[in-house]
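# Structure assessment
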Amino acid sequence: MLRIGIGYDLHRLKRGRRFLLAGIEIPFSKGEDGHSDGDVLAHAVCDAILGASALGDIGELFPPNDPAWKDFDSMKLLRKTFELVKNAGWKIVNLDCVVICEKPKVLPFRDRIREALANVLEIPFENVFLKGKTAEGMGSIGKGKAIEVFVNCLLEKVK
Ligand code: MG
C-alpha cells in the first residue's frame, strides 16, 4: 500500500534567531521565530509523514505550549516522528520540498539539507529533493517577514 502526504508550515522571520532548514544553519540576519528552534522545514516534513500515515499532526504530538519543546532541536522532533511512523510499519519512499522565502538563497545549501533529511528518514539522498523559491516581493514572505514550506511525501507500508 502506498500513501501520499502533504506538510505545510510558516514561521515569522526575526532578528536574533538562527535560520535553520532541516538542522542546517544558513548564515542570515534573521531566523525563524517559534517555540522550538523554529525549523520550518523539519516541521513540515513531520506533518507530511504523519499525514500520510494518519498518525496525527505535529501540534498534537508536540504541543507548542508544552515547555518541554521550548527551543527544542526540531530534527530531534523529526527523529521521534519518524520512529512512530516506522514503528507503524511505514517506509518513506521519497520527499519533495518547496521552501519559499525572499532571502537567503537556499540553493547553495540544498544538498546538505537533502542529506540531513535522507539520513534521518533512512532513505537514499536522491529520494529527497528541495527547491528554493521567492514570492517575487509579494506579501509578507516577499517582504522578508516570513518563510513558508510545502512538503510532499510518499510512504509505503512494509509490515
Ligand atoms: Mg512550525
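Residues numbered from 1 in each chain as written. Predicted model: local features only at pLDDT ≥ 70, side-chain atom pairs only at ≥ 80, totals over all residues. Heavy atoms only, no water.

### Details of the side chain of Ser 74
With respect to the helices and strands, Ser 74 occurs in helix 3 (residues 74-87). Classification of Ser 74 by relative accessible area gives buried; the value is 0%. Within the local environment of Ser 74, its side chain forms a polar contact with the side chain of Ser 36, the two groups lying 3.4 Å apart. Discounting chain neighbours no more than four positions away, the residues touching Ser 74 are Ser 36, Asp 37, Gly 38, Asp 39, Ala 42 and His 43. (Helix = DSSP H or I, 4+ residues; strand = E, 2+ residues; numbered from the N terminus. Buried < 20%, exposed > 50% of the residue type's maximum accessible area, 1.4 Å probe, protein only. Polar contact = N/O pair within 3.5 Å; in protein donor to acceptor, adjacent residues only side chain to side chain. Contact = heavy atoms within 4.5 Å.)

### Some details on a nonpolar patch on the surface
Where nonpolar side chains cluster on the molecular surface, the patch consists of Ile 6, Tyr 8, Leu 10 and Phe 150 and spans about 360 Å² of accessible area. Considering each element in turn, the nonpolar patch owes the most residues, 3 residues, to strand 1 (residues 2-15). (Patch = residues over 30% accessible without salt bridge, like charges linked within 9 Å, V, L, I, M, F, W, Y side chains within 5 Å. Areas by Shrake-Rupley, 256 points an atom, 1.4 Å probe, with all protein chains shown as cover. Salt bridge = Lys/Arg side-chain N within 4 Å of Asp/Glu carboxyl O.)

### Concerning the sheet that holds strand 5 (residues 90-100)
Spatial ordering of the open sheet is given by 4-1-7-5-6, a layout of 5 strands whose pairing is mixed. Edge positions in the sheet fall to strand 4 (30-32) and strand 6 (128-133), since each of these pairs with one other strand and no more. Sheet twist, expressed as the mean angle between neighbouring strand axes with direction ignored, is 20°. Pairing geometry for strand 5 and strand 7 (residues 146-157), over 10 bridges, is antiparallel. Paired with Cys 97 across the bridge in strand 7 is Val 151. Contacting strand 1, strand 4, strand 5, strand 6 and strand 7, helix 1 (residues 40-53) runs over the sheet at an angle of about 155° to strand 1. (Pairing = 2+ DSSP bridges. Axes fitted to C-alpha atoms, helices over the stretch in contact; angles between N-to-C directions.)

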